[in-house]
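Overview (structure and organization)
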Amino acid sequence: MENVRPIVEIKNLFKSYRRGSQVVPVLEDITFDIAEGEFLALMGPSGSGKSTLLNLIAGIDEPDSGIITVGDVDITTLTETQLAQWRAINVGFVFQFYNLIPVLTAFENVELPLLLSPLSRGERKEHVEMALQVVSLTDRMDHYPGQLSGGQQQRVAIARAIVTDPTILVADEPTGDLDRHSAKEIMDLMDRLNTESGKTIIMVTHDPRAAEKAHVMRHLDKGILENVHPQDPL
Amino acid sequence: MYILKILFKNAFRHKLRTGLTILSITIAILAFGLLRTVISAWYAGAQASSAYRLVTRNAISIIFPLPLSYKEKIQQIEGVTTVSYGNWFGGVYIDEKNFFPNFAVEPRSYLEIYPENVFTTDEKTAFLRDRKGCAVGRKLAERYGWKLGDTIVLKGTTFPGNWEFVLRAIYRGKEKSTDETLFLFHFDYLNETMKKTAPGRADQTGIYFVGVKRPEMAAEVAAAIDKTFRNSLAETLTETEKAFQLGFVAMSDAIITAIRLVSFVVIIIILAVVANTMTMSARERTGEYAIFKTLGFGGGRIAGLIFGESMVITMTGCAVGILLTFPAAAAFGKSMGMFFPIFYIEPETIYLDIVLSLIVGLLAGIVPTWRTLKIRIADGLRMIE
Ligand SMILES: Nc1ncnc2c1ncn2[C@@H]1O[C@H](COP(=O)(O)OP(=O)(O)OP(=O)(O)O)[C@@H](O)[C@H]1O
Ligand SMILES: [Mg+2]
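None of the values given here were measured: they were computed from a predicted structure. Along each chain, the written sequence defines residue order, and numbers are assigned to residues from 1. Working convention: letters from A go to chains and numbers from 1 go to ligands, in the order in which they are written. Under the rules for a predicted model, residues below a pLDDT of 70 receive no local features and side-chain atom pairs below 80 are neither given nor counted, while totals for whole chains, interfaces and linings still include all residues. Heavy atoms from the whole structure form the basis of all side-chain values; hydrogens and water molecules are not counted.

With that settled, consider the site of ligand 1. Proximity is defined per residue: any heavy atom of the residue falling within 4 Å of a molecule or strand makes that residue near it. Inspection of the region around ligand 1 gives 15 residues, with Ser46(A), Lys50(A), Ser51(A), Thr52(A) and Arg382(B) positioned closest. Chains contributing residues near ligand 1 are chains A and B. The contact in question runs from an oxygen atom of ligand 1 to an N or O atom on the side chain of Thr52(A), over 2.5 Å. Contact distances for ligand 1 include 3.0 Å between an oxygen atom and a side-chain N or O atom of His206(A). Alone, ligand 1 offers 630 Å² of accessible surface; in the complex the protein occludes 75% of this. Every element with two or more residues in the shell around ligand 1 is listed here: strand S1 (6–19) and helix H1 (50–57) of chain A together with helix H14 (377–382) of chain B. No other element matches H1(A), which puts three residues into the shell around ligand 1. Any pair of N or O atoms that falls within 3.5 Å is considered a polar contact. Within protein, one atom must be able to donate a hydrogen and the other to accept it, and sequence-neighbouring residues count only if both atoms are side-chain atoms. What sets the accessible areas is the Shrake-Rupley method with a 1.4 Å probe; for residues, cover comes only from the shown protein chains. Secondary structure follows DSSP: runs of H or I at least 4 residues long count as helices, runs of E at least 2 residues long count as strands, and numbering of each begins at the N terminus.

Right, dumping it as structure tokens:
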């Protein structure tokens, strides 16, 4: 790996929630980079702000202050509409509870993000089949989520996340709801996506076994980032 | 494309709830349609009235007659084309419950003034020739299975005795709105009998039907007629046929207003029902809509999903309701035929059904859409488990 430039740059990020009249700080002055092609595991106790940080990087939440640059775009400056368009192109999401649309088949769920792209029907089909092939579910594409196991649903969710070939892949406890065997399958898949396809992955996890696959581990505690990566300029 | 599939699937995800909502819309549309049809049936007489016709009656009250001698004088007034006259006979066919309007009219001029009652030439001639002949509307003939040549007996009420008539003609209405339940017979038959049995009541008529040259002249001609008979023994009141008909209807104006109000209240209730259903389902799907948003679907598309679902539900109910309105109105019209000679669904009622359903569908989507769009994605995603 020569001259890896950061794909995500986070500078002085603050985020707090308001509970009634009380302001609860969640993230305090977070600064770090994520290199292109990196597989980052975000760990930390419950309530430490991992999901909050991930959501900020993925552009589904807004910080109080600070800068988040993904690719060349400072996403904190985007309007809500611009942010939605940006997400559609740049971010693939994997959640703990799969979050598939129950009334759509596996194929249609994977195709969903492509509906926002200018691709033709035929091109979409090609992309969807390719994505389903990556997760080895081509034989289940006409199944509805309710007809699939948890592990299979999560694989469909991963196919949906990669079908647009996004800049970053974010995953919030992708194995949190799975048994050990399915969890391993998912982690192997994530690993392959990272090593074989060079995807940049940011994953929140509680599971040390899952974190093993990552190159970089960061620990978040009470809103403060620890274990800063040696490569990071400080 | 999937969006449509999502709409329909979402709409019918909660089958019982959606089914009940659609049922309520169907019933509402049905009720609305029938109520409106009843109202228009009520006004049908006035609606069908011609702007070319005036009605002259006794100024004191419709129950007081006018002398037959007025005919010549009315005829001479500027702007008058034809003058006919007639009496409400009020005869009963076998039993009181068999109600239909029956009039003694001067047939030749009457048929001329009422061209919307269409006769075949043969039957018209036969009717005019037979002093004891009668002519009836197609619907009335059908109701009692009368055929040409049948003898029909009416029991007089204001004119005592049993009156025998021979059916000589059956007319059809030129328009849908033409009353096809009239029973018409020769004024002379009534008058001649009166001359013999009650001379005091002979040579008198209840109403003059006056044809005018041009509708714009109606007011002028009416005033001229009434002026002619001012200070005479029987002063007249002349009004347009429409005003005359509405005079009858006006008695029940309050009821009509109430029915009209109810028909719109029904729509408002249904709005509440659909809005409730939509709010419930949108709330249940907060997580799903958060996923759509996460994937980059904008507010417009999310709104489309919710409004679309609302529309699917309302328009399904509307369509079923409209389809059922026709047989329901037909059945209703059949059983109410004697009160509402003209009972048909006006196209406007159907348009109104559709427009109101569209409005209900749109309004019902507003609150759930606003709520869904307001929820931050991160919070929406938290609701999934
Ligand atoms: N919408 C919100 N309103 C108020 N407080 C919030 C909101 N979202 C998160 N929080 C609070 O912010 C803190 C961090 O939450 P976050 O979900 O980021 O934690 P986490 O590290 O992902 O925890 P877990 O491991 O349990 O998923 C928690 O104390 C949480 O209660
Ligand atoms: Mg979390």
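Let's shift gears to the domain arrangement of chain B. By a widely used convention, the size of an interface equals the accessible area lost when the partners come together. Domain boundaries shown here were taken from an automatic or database domain assignment. Per the domain assignment, the segments making up chain B are domain 1 (2–44 + 252–382) and domain 2 (60–234). Each of domain 1 of chain B and domain 2 of chain B has a C-alpha centre, and these two points are 48 Å apart.

Below, the discussion takes up the packing of helix H1 (residues 2–11) of chain B against helix H12 (residues 299–335) of chain B. Between two packed helices, the angle of one axis relative to the other and the distance separating the axes together describe the packing. All names here are of chain B. An axis is simply a line fitted to the C-alpha atoms; with a helix, the fit covers only the stretch in contact. Between two such axes, the angle follows the N-to-C directions and lies from 0 to 180 degrees. Put simply, H1 and H12 touch, their axes get as near as 9 Å, and they point 60° apart. As far as their axial angle goes, H12 and H1 are oblique. Here the hand of the crossing between H1 and H12 comes out right-handed. For the pair H1 and H12, the contacting residues are Ile-3, Ile-6, Leu-7, Phe-8, Asn-10 and Ala-11 in the first and Gly-304, Leu-305, Gly-308, Glu-309, Val-312 and Ile-313 in the second. Basically, the charged four are Asp, Glu, Lys and Arg, the nonpolar ten are Ala, Val, Leu, Ile, Met, Phe, Trp, Tyr, Cys and Pro, and anything else, Gly included, counts as polar. Class assignment of the residues belonging to the contact of H1 with H12 gives a composition of eight nonpolar, three polar and one charged. We call two directions roughly parallel when the angle between them is under 35 degrees, roughly antiparallel when it is over 145, roughly perpendicular when it lies between 65 and 115, and oblique otherwise. Handedness of a crossing follows from how the near helix is turned relative to the far one, being left-handed for an anticlockwise turn of less than a right angle and right-handed for a clockwise one. Only heavy atoms enter the contact rule, under which two residues are in contact if any of them lie within 4.5 Å.

A few words now on the interface of chain A and chain B. Contacts between the two partners involve 27 residues from chain A and, on the opposite side, 22 residues from chain B. A combined buried area of about 2300 Å² lies between chain A and chain B, and 67% of that area is made up of carbon and sulfur atoms. The salt bridge definition used is simple: a Lys or Arg side-chain nitrogen within 4 Å of an Asp or Glu carboxyl oxygen. The tally of links from chain A across to chain B stands at two salt bridges. A salt bridge links Asp61(A) to Arg376(B); the shortest N-O distance between them is 2.6 Å. In this assembly, chain A and chain B are joined by six residue pairs in polar contact (both at pLDDT 80 or more). Mapped onto the side of chain A that touches chain B, the elements with two or more residues apiece are S1, helix H2 (80–90) and helix H3 (106–111) of chain A. When its residues are assigned to classes, the side of chain A that touches chain B shows 17 nonpolar, three polar and seven charged. Here the buried area means the combined drop in accessible surface, using a 1.4 Å probe, for two parts upon being joined, counting both sides.

Residue and element names in this part refer to chain A. Classification of residues uses two cut-offs on accessible area relative to the type maximum, computed with a 1.4 Å probe and protein chains only: under 20% is buried, over 50% is exposed, and between them is partly exposed. Of all eight residues making up H1, seven are buried, and the element is well covered by its neighbours. The set of residues buried in H1 consists of Lys-50, Thr-52, Leu-53, Leu-54, Asn-55, Leu-56 and Ile-57. Looking one or two places after H1, you find Gly-59, whose phi comes out positive at around 75°.

This part covers the packing of helix H11 (residues 286–294) of chain B against H12(B). All names here are of chain B. Where H11 meets H12, the closest approach of the two axes is 10 Å, and the angle between their N-to-C directions is 145°. Every residue of H12 that contacts H11 at Tyr-289, Phe-292 and Lys-293 is listed here: Ile-302, Leu-305, Ile-306 and Glu-309. Residue classes in the contact of H11 with H12 are distributed as five nonpolar, no polar and two charged.

This paragraph deals with the environment of Pro215(B). As for its position among the elements, Pro215(B) is in the loop between strand S11 (207–212) and helix H8 (218–228). Residues Pro215(B) and Ala51(B), spaced 164 residues apart in sequence, show a C-alpha to C-alpha distance of 5.3 Å.

Turning our attention to the sheet that holds strand S9 (residues 216–221) of chain A. All names here are of chain A. Here, a strand pair is defined by DSSP locating no fewer than two bridges between the strands. Here we have six strands laid out as an open sheet, ordered S6-S7-S8-S3-S9-S10, and mixed in their pairing. Each having just a single partner strand, strand S6 (91–94) and strand S10 (224–226) make up the two edges of the open sheet. Across the sheet, the mean angle from the axis of one strand to that of its neighbour is 20°, orientation sign disregarded. Judged from the four bridges that link them, strand S3 (residues 39–43) and strand S8 (residues 200–204) form a sheet pairing that is parallel. By the bridge assignment for S8, Leu-40 is matched with Ile-202. The sheet contacts of helix H5 (residues 150–162) involve S6 and strand S7 (168–172), and relative to S6 the element is tilted by about 170°. Packed onto the sheet, helix H6 (residues 180–197) meets S3, S7 and S8 and runs at close to 150° relative to S8.

All names here are of chain A. Overall, antiparallel pairing links the four strands, which are arranged S2-S1-S4-S5 in an open sheet. Of all strands in the sheet, those bounded by a partner on one side alone are strand S2 (22–35) and strand S5 (73–74). For S1 and S2, the ladder comprises ten bridges, and the chain directions are antiparallel. Residue Pro-6 lies in a different strand from S2, and its bridge partner there is Ala-35.

Turning next to the pattern of salt bridges. Pairs can form between side chains of opposite charge whenever their charged atoms are close. A complete count under the given rule lists 24 salt bridges over all chains for this structure. When the shortest N-O distance is used, the salt bridge between Arg36(B) and Glu346(B) registers 3.9 Å. One end of the pair, Arg36(B), is in helix H2 (residues 15–48); the other, Glu346(B), is in the loop between H12 and helix H13 (347–374), and 310 residues separate them in sequence. Arg36(B) sits in the partly exposed class, given a relative accessible area of 23%. The structure contains a network of salt bridges with shared partners spanning Lys15(A), Asp61(A), Arg376(B) and Asp379(B).

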